Amino acid sequence: MTSDAGSTGTQAAVDPVADPGGGREVQRTLRERLRGPWRVTVAEGSMLPDIAPGDWLLIDPTTRRWPRPGSVVVFREPVTDDLAIKRVRARGGERVPFNGGYIALGEGEAWLEADATPAIAAAAGYGPPIDSDRFGPVPVDLLVGRVWFRYGPWKRIGRIGRIGPPTTP
Amino acid sequence: MFRSVIATIAPKTVVRAHCDLPCGVYDPEQARIEAESCYRIVEKYAANEDTAYRTRAIAIKEERADLVKHHLDVLWHDYFKPEHLEAVPNLHDLFWQATKQVSKVKASTDLADAKRLLDLVDEVDAAWKATGGPSKTRVAGRPG
């Protein structure tokens, strides 16, 4: 696979049955993606109660496509370009309820949501969470990695699993 | 030894679980200044018979009164906390009266209504001071 490093990564086999969503891939080269980050710590409370400020997380930065809905991802936030963390709610080809109607996601886009409700965030001393409701669909070029494990604090070590998207009325 | 292990495995990268940030700066003076605008507008309204002038005065009073209500609302749900009810037991009733008085000022050209609003904003100011507002919410000792 060393010959693949430095390419645009398009040679990687993608099984459309195992991973139907997404579409476009991260354009960064494998070498760029291998630089990480592999470990991150969380600031602010929009992912409470599952992921708290100060948590130490392991991420897989080699991910090229949005993981399945319910997965937690690190990405570059549109507008601010900050490294941010949110949960994938829907991917390209799907549609999400928005403002009384629907938004149809384009190829390679994902709709990312905070876990915390405004009430949960407020109880922890934060303002309302900022997610795709504010910054819209996120293109896959801004994907940095998939969060898969929490290695700190000691008492909450464990896998970061998928949580199914909430059922909408 | 233990510390250096922790330092080695600790993540160097911060990811933000972004929230809006309440700035934590509150002062009833904001509401007071807009309420004073309402008061002055009612005075000027009474002193001028011109229809166009009066129409403008009413429109501006409406706008300023909305700002009073906004500033009061922000104080109520962002600055004041449940524990403040000990120092100011009538807090909720006070805000209810004050915001209702704003609605009254919108509909009225009676100077007494505007004055009553000023008094209620001053009561809110007293509540803010009684709960340590000036030292907790203003930067570097303002107001002097």
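Residues numbered from 1 in each chain as written. Chains lettered and ligands numbered in written order. Predicted model: local features only at pLDDT ≥ 70, side-chain atom pairs only at ≥ 80, totals over all residues. Heavy atoms only, no water.

## What about the overall build of chain B?
Thinking step 1. Helix and strand counts for chain B come out as six helices and one strand.
Thinking step 2. For chain B, the sequential pattern of α-helices and β-strands runs α-β-α-α-α-α-α.
Thinking step 3. Looking at chain B alone, contacts between residues at least 24 apart form 70% of all its contacts between residues at least 6 apart.
Thinking step 4. As displayed, chain B has an accessible area near 8500 Å², and 57% of this comes from carbon and sulfur atoms. (Helix = DSSP H or I, 4+ residues; strand = E, 2+ residues; numbered from the N terminus. Contact = heavy atoms within 4.5 Å. Areas by Shrake-Rupley, 256 points an atom, 1.4 Å probe, with all protein chains shown as cover.)

## Topic: the packing of helix α2 (residues 29–46) of chain B against helix α5 (residues 111–130) of chain B
All names here are of chain B.
Thinking step 1. Contact pair α2 / α5: the axes reach a minimum separation of 9 Å and the direction vectors enclose 170 degrees. Relative to α5, the element α2 lies roughly antiparallel. Like other packed secondary-structure pairs, α2 and α5 cross with a definite hand, here left-handed. Facing A31, R32, A35, E36, Y39, V42 and E43 of α2, the residues of α5 in contact are L111, A114, K115, L117, L118, V121 and D122.
Thinking step 2. A breakdown of the residues in the contact of α2 with α5 according to their chemical character gives nine nonpolar, no polar and five charged. (Axes fitted to C-alpha atoms, helices over the stretch in contact; angles between N-to-C directions. Parallel < 35°, antiparallel > 145°, perpendicular 65-115°, else oblique. Left-handed = near helix turned anticlockwise from the far one by under 90°. Nonpolar A, V, L, I, M, F, W, Y, C, P; charged D, E, K, R; others polar.)

## Notes on α2(B)
Thinking step 1. Taking 1.5 Å of rise per residue, 18 residues should cover 26 Å, and α2(B) covers 26 Å from first to last C-alpha, within 8% of that figure.
Thinking step 2. Within the span of α2(B), buried status applies to A31(B), R32(B), E34(B), A35(B), C38(B), Y39(B), I41(B), V42(B) and Y45(B). (Expected span 1.5 Å × (residues − 1). Buried < 20%, exposed > 50% of the residue type's maximum accessible area, 1.4 Å probe, protein only.)

## Remarks on the nonpolar core
Thinking step 1. Core analysis: the largest hydrophobic core is formed by 27 residues, its most contacted members being V68(B), L72(B), L75(B), F80(B), F95(B) and L117(B).
Thinking step 2. Of all the secondary-structure elements, those providing two or more residues to this core are α2, α3 (51–79), α4 (91–107) and α5 of chain B.
Thinking step 3. Apart from the residues within four sequence positions on either side, V68(B) is in contact with A31(B), E34(B), A35(B), V102(B) and L117(B).
Thinking step 4. By size, the runner-up hydrophobic cluster in this structure holds 15 residues, among which are V42(A), I85(A), I160(A) and V15(B). (Core = buried A, V, L, I, M, F, W, Y, C linked by side-chain atoms within 4.5 Å.)

## Digging into the side chain of R32(B)
Residues and elements named next belong to chain B.
Thinking step 1. Of note, R32 is situated in helix α2.
Thinking step 2. At 2.8 Å, the side chain of R32 forms a polar contact with the side chain of D122.
Thinking step 3. In this structure, R32 is in contact with L118, V121 and D122, ignoring residues within four places of it in sequence. (Polar contact = N/O pair within 3.5 Å; in protein donor to acceptor, adjacent residues only side chain to side chain.)

## Some remarks on the packing of aromatic side chains
We describe a pair of aromatic rings using the distance from one ring centre to the other and the angle between the two ring planes.
Thinking step 1. Inspection of every chain in the model, using the stated rule, returns eight aromatic pairs over all chains.
Thinking step 2. On the numbers, 5.3 Å between centres and 10 degrees between planes, the contact of W76(B) with F95(B) is stacked. Here W76(B), found in helix α3, pairs with F95(B), found in helix α4; they are 19 residues apart in sequence, far enough to count as distant.
Thinking step 3. Among the aromatic residues, ring-to-ring pairing joins Y26(B), W76(B), Y79(B), F80(B) and F95(B) into one connected group.
Thinking step 4. Lying over the aromatic face of Y102(A), R95(A) brings its terminal NZ or CZ to 4.0 Å of the ring centre.
Thinking step 5. Above the face of the Y45(B) ring, R54(B) is positioned so that its terminal group lies 4.2 Å from the ring centre. (Phe/Tyr/Trp six-rings, centres within 6.5 Å; stacked < 30°, edge-to-face > 60°. Lys NZ or Arg CZ within 6 Å of the ring centre and 35° of its normal.)

## What about the interface of chain A and chain B?
Thinking step 1. The interface of chain A with chain B comprises 27 residues on the first partner and 15 residues on the second.
Thinking step 2. Summing both sides of the interface, chain A and chain B together bury roughly 1900 Å²; the carbon and sulfur share of this comes to 59%.
Thinking step 3. Looking only at chain A, the three residues that lose the most surface to chain B are R39(A), E44(A) and W56(A), adding up to 29% of its buried area.
Thinking step 4. At the boundary of chain A with chain B, the tally comes to one salt bridge.
Thinking step 5. In this structure, E44(A) engages R16(B) in a salt bridge whose closest nitrogen and oxygen atoms are separated by 3.2 Å.
Thinking step 6. Seen at the junction of chain A and chain B, the total is 15 residue pairs in polar contact (both at pLDDT 80 or more).
Thinking step 7. Mapped onto the side of chain A that touches chain B, the elements with two or more residues apiece are β1 (39–43) and β4 (83–91) of chain A.
Thinking step 8. With five residues, the single largest contributor to the side of chain A that touches chain B is β1(A).
Thinking step 9. The residue makeup of the side of chain A that touches chain B, split by class, is 16 nonpolar, five polar and six charged. (Buried area = accessible area lost by both parts, 1.4 Å probe. Salt bridge = Lys/Arg side-chain N within 4 Å of Asp/Glu carboxyl O.)

## A short note on the packing of α3(B) against α4(B)
Residue and element names in this part refer to chain B.
Thinking step 1. At a minimum axis distance of 9 Å, the contact between α3 and α4 shows a crossing angle of 170 degrees. Considered as vectors, α3 and α4 are oriented roughly antiparallel to each other. Residue-level inspection shows K61, E62, A65, D66, V68, K69, L72, D73, L75 and W76 of α3 in contact with α4, the latter providing H92, F95, W96, A98, T99, V102, S103, V105 and K106.
Thinking step 2. For the contact of α3 with α4, the class distribution of residues is ten nonpolar, three polar and six charged.

## Some points on the confidence of the model for chain A
Thinking step 1. For chain A, per-residue confidence averages 81 on the pLDDT scale, and residues scoring 70 or more make up 80% of the total.
Thinking step 2. Note on residues 1–22 of chain A: pLDDT is under 50 here. Beyond four places in sequence and across chains, it has 29 contacts. (pLDDT = per-residue confidence, 0-100.)

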